[in-house]
Amino acid sequence: MSIKEIIEQDIFSREDIVRLLTCKGEGRSLLFNRSAEIKEKYIGKKVWFRGLIEFSNICSKDCLYCGSGKGTGT
């Protein structure tokens, strides 16, 4: 099955996903173009920015993605 055929499906097998994630050249361009079409259809051309405002370096959470949690040694 070609990359073009795979990206037109609604349901993907594991093999389809592996093929899409490893495609190069024209196949990758087709994949990126299709993903842009889908993103624009459901989300539009909006961009959201999110940020974390810290009021102190004390945090009881252990989420490991910021510099304030227990997982950072603070």
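The structure contained in this document is the topic of the report that follows. Here the structure is a predicted model, which means the values were calculated and not measured.

On to a nonpolar patch on the surface. Together, Ile-38, Tyr-42, Ile-43 and Trp-48 make up a nonpolar patch on the protein surface, roughly 470 Å² of accessible area in all. For Ile-43, the location among the structural elements is in the segment after helix H3 (26–42).

Structurally, the position occupied by Asp-16 is in helix H2 (residues 14–22). This buried residue, Asp-16, is left without a salt bridge; Arg-19 holds the nearest opposite charge, at 6.7 Å. Among the polar contacts made by the side chain of Asp-16, one reaches the main-chain amide nitrogen of Ser-13 at a distance of 3.0 Å. Excluding anything up to four places from it in sequence, Asp-16 contacts Ile-6, Gln-9 and Ile-11.

A few words on the nonpolar core. For soluble globular proteins, nonpolar side chains are generally found buried alongside one another. In terms of nonpolar packing, the biggest core is built from six residues, these being Ile-3, Ile-6, Ile-7, Leu-20, Cys-23 and Leu-31. Here this core takes three residues from helix H1 (residues 3–7), the largest share from any one element. When sequence neighbours within four positions are dropped, the list of residues in contact with Ile-7 reads Phe-12, Leu-20, Leu-30, Leu-31 and Arg-34.

Cut-offs applied
Residues numbered from 1 in each chain as written. Predicted model: local features only at pLDDT ≥ 70, side-chain atom pairs only at ≥ 80, totals over all residues. Heavy atoms only, no water. Patch = residues over 30% accessible without salt bridge, like charges linked within 9 Å, V, L, I, M, F, W, Y side chains within 5 Å. Areas by Shrake-Rupley, 256 points an atom, 1.4 Å probe, with all protein chains shown as cover. Salt bridge = Lys/Arg side-chain N within 4 Å of Asp/Glu carboxyl O. Helix = DSSP H or I, 4+ residues; strand = E, 2+ residues; numbered from the N terminus. Buried < 20%, exposed > 50% of the residue type's maximum accessible area, 1.4 Å probe, protein only. Lys, Arg positive; Asp, Glu negative; His and termini not counted. Polar contact = N/O pair within 3.5 Å; in protein donor to acceptor, adjacent residues only side chain to side chain. Contact = heavy atoms within 4.5 Å. Core = buried A, V, L, I, M, F, W, Y, C linked by side-chain atoms within 4.5 Å.

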